[in-house]
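Listed below are the residues making up each chain.
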Amino acid sequence: MQEKREKTKKSAEEKRAFEISLADGRFPVAGVDEVGRGPLAGPVVCAAVILPDTPLAEGVDDSKKLSPKRREALAAYIREIALAYTVYEVNEKTIDQINILQATRLAMKEAVSALKIPPGIVLTDGNMTLDIPFPQKSVVRGDGLCYSIGAASILAKVYRDALMERYAEEYPQYGFGKNKGYGTAEHIKAIGEYGLCPIHRRTFAEKFWDAKGKKSRKNI
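Residues numbered from 1 in each chain as written. Predicted model: local features only at pLDDT ≥ 70, side-chain atom pairs only at ≥ 80, totals over all residues. Heavy atoms only, no water.

Here's the deal with helix 2 (residues 68–81)
In a regular helix each residue adds 1.5 Å, so 14 residues correspond to 20 Å; helix 2 covers 20 Å between its end C-alpha atoms and thus fits that length. The complete set of buried residues in helix 2 reads Arg71, Leu74, Ala75, Ile78 and Ile81. Buried residues of helix 2, viewed axially, fall in a sector of 140°; they line one side. Opposite its buried face, helix 2 presents the exposed residues Lys69 and Glu80, each directed more than 90 degrees away. (Helix = DSSP H or I, 4+ residues; strand = E, 2+ residues; numbered from the N terminus. Expected span 1.5 Å × (residues − 1). Buried < 20%, exposed > 50% of the residue type's maximum accessible area, 1.4 Å probe, protein only. Arc of directions from axis to C-beta.)

Here's what the structure looks like:
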């Protein structure tokens, strides 16, 4: 089932009340969100989180709208107060094998399955149906509307960003610390110069790479 609401700036209390209305008496509520569907490199990462009614983490929102410093502070607080949370990544090799949509579903399913507390209902961002033994609802723009989905988006984003910064030390020529694997002009130029590294998604970056596995400059 999909719930649509106008995206407005709401307090943590309002977002919590909204997701409780979606839960329809089923508790605890698990929020689920992913980060990294679009990059040319690195994993897709999903977080699932079950939060208490109090204290509330004020400022929880779509992670893309928050500064890195604010995300990191909120992630630390969310991990501290959470009743349960998990973060699960699906690497670039699996993404190439099963496609990004199925890899995202897999990451979400595994994150939910690993929660130490079984959820009464699972709320996911966007429009995603999962193969899980729990009631579920997808919420369009849920990371900005639902307290727990927003918290999950923050956990996933902070985790993936830190991972890409570590990869930046291993493969400094691609600027992963800055672009986080997304296809910026500088990143694409680096692919043209150096080819693909082990964490690149071949199915995503293939237009910058020729059929013989050699670098191609025609699209740079």
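Observations regarding the confidence of the model for the protein
Summarising the model, the protein shows a mean pLDDT of 91, and 90% of its residues fall at 70 or more. Below pLDDT 50 for its whole length, residues 1–8 participates in 24 contacts with residues either more than four positions away or in separate chains. Contacts from residues 216–220, a stretch scored under 50 in pLDDT, to residues over four places away or in other chains number twelve contacts. (pLDDT = per-residue confidence, 0-100. Contact = heavy atoms within 4.5 Å.)

What about the environment of lysine 116?
Mapped onto the secondary structure, lysine 116 falls in the loop between helix 4 (100–113) and strand 5 (121–125). Note on lysine 116: relative accessible area 69%, which makes it exposed. When the C-alpha atoms of lysine 116 and glycine 31 are compared, they prove to be 14 Å apart, with 85 residues separating the residues in sequence. Apart from the residues lying within four places of it in its own chain, the contact partners of lysine 116 are Leu83 and Ala84.

Description of the nonpolar core
Counting residues in each nonpolar core, the largest one holds 21 residues, and the members touching the most others are Val49, Leu51, Val60, Ile78 and Ile154. Counting residues per element, the ones that place at least two in this core are strand 3 (44–50), helix 2 and helix 6 (147–170). Leaving out residues up to four positions away in the same chain, valine 60 has contacts with Lys15, Leu74, Ile78, Tyr147, Gly150, Ala151 and Ile154. In terms of nonpolar packing, the next biggest core, distinct from the first, is built from 20 residues, Ile50, Ala107, Val112 and Leu115 among them. (Core = buried A, V, L, I, M, F, W, Y, C linked by side-chain atoms within 4.5 Å.)

With respect to the state of the cysteines
In total, this model carries zero disulfides according to the counting rule given. A disulfide-free cysteine, cysteine 46 has its sulfur positioned 15 Å from the sulfur of cysteine 146, the nearest such atom. Classification of cysteine 46 by relative accessible area gives buried; the value is 0%. (Disulfide = S-S within 2.5 Å.)

A look at the environment of tyrosine 88
In this fold, tyrosine 88 is placed in strand 4 (residues 84–90). Tyrosine 88 sits in the partly exposed class, given a relative accessible area of 31%. With 87 residues separating them in the primary sequence, tyrosine 88 and glycine 175 have C-alpha atoms 24 Å apart.

Side note on the packing of aromatic side chains
This model, assessed by the stated rule, comprises three aromatic pairs. Their ring planes at 75° and their centres at 6.4 Å tell us that tyrosine 174 and tyrosine 194 sit as a pair that is edge-to-face. Residue tyrosine 174 is located in the loop between helix 6 and helix 7 (176–179), and its partner tyrosine 194 is located in helix 8 (residues 185–194); the two are separated by 20 residues in the primary sequence. Relative accessible area serves as the criterion here: at 3%, tyrosine 174 is assigned to the buried category. The exposure class assigned to tyrosine 194 is partly exposed, which follows from its relative accessible area of 48%. Here a set of aromatic residues connected by ring pairs shows up, and it is made of Tyr174, Phe176 and Tyr194. In this structure, arginine 201 is placed above the aromatic ring of phenylalanine 204, and the distance from its NZ or CZ to the ring centre is 4.9 Å. (Phe/Tyr/Trp six-rings, centres within 6.5 Å; stacked < 30°, edge-to-face > 60°. Lys NZ or Arg CZ within 6 Å of the ring centre and 35° of its normal.)

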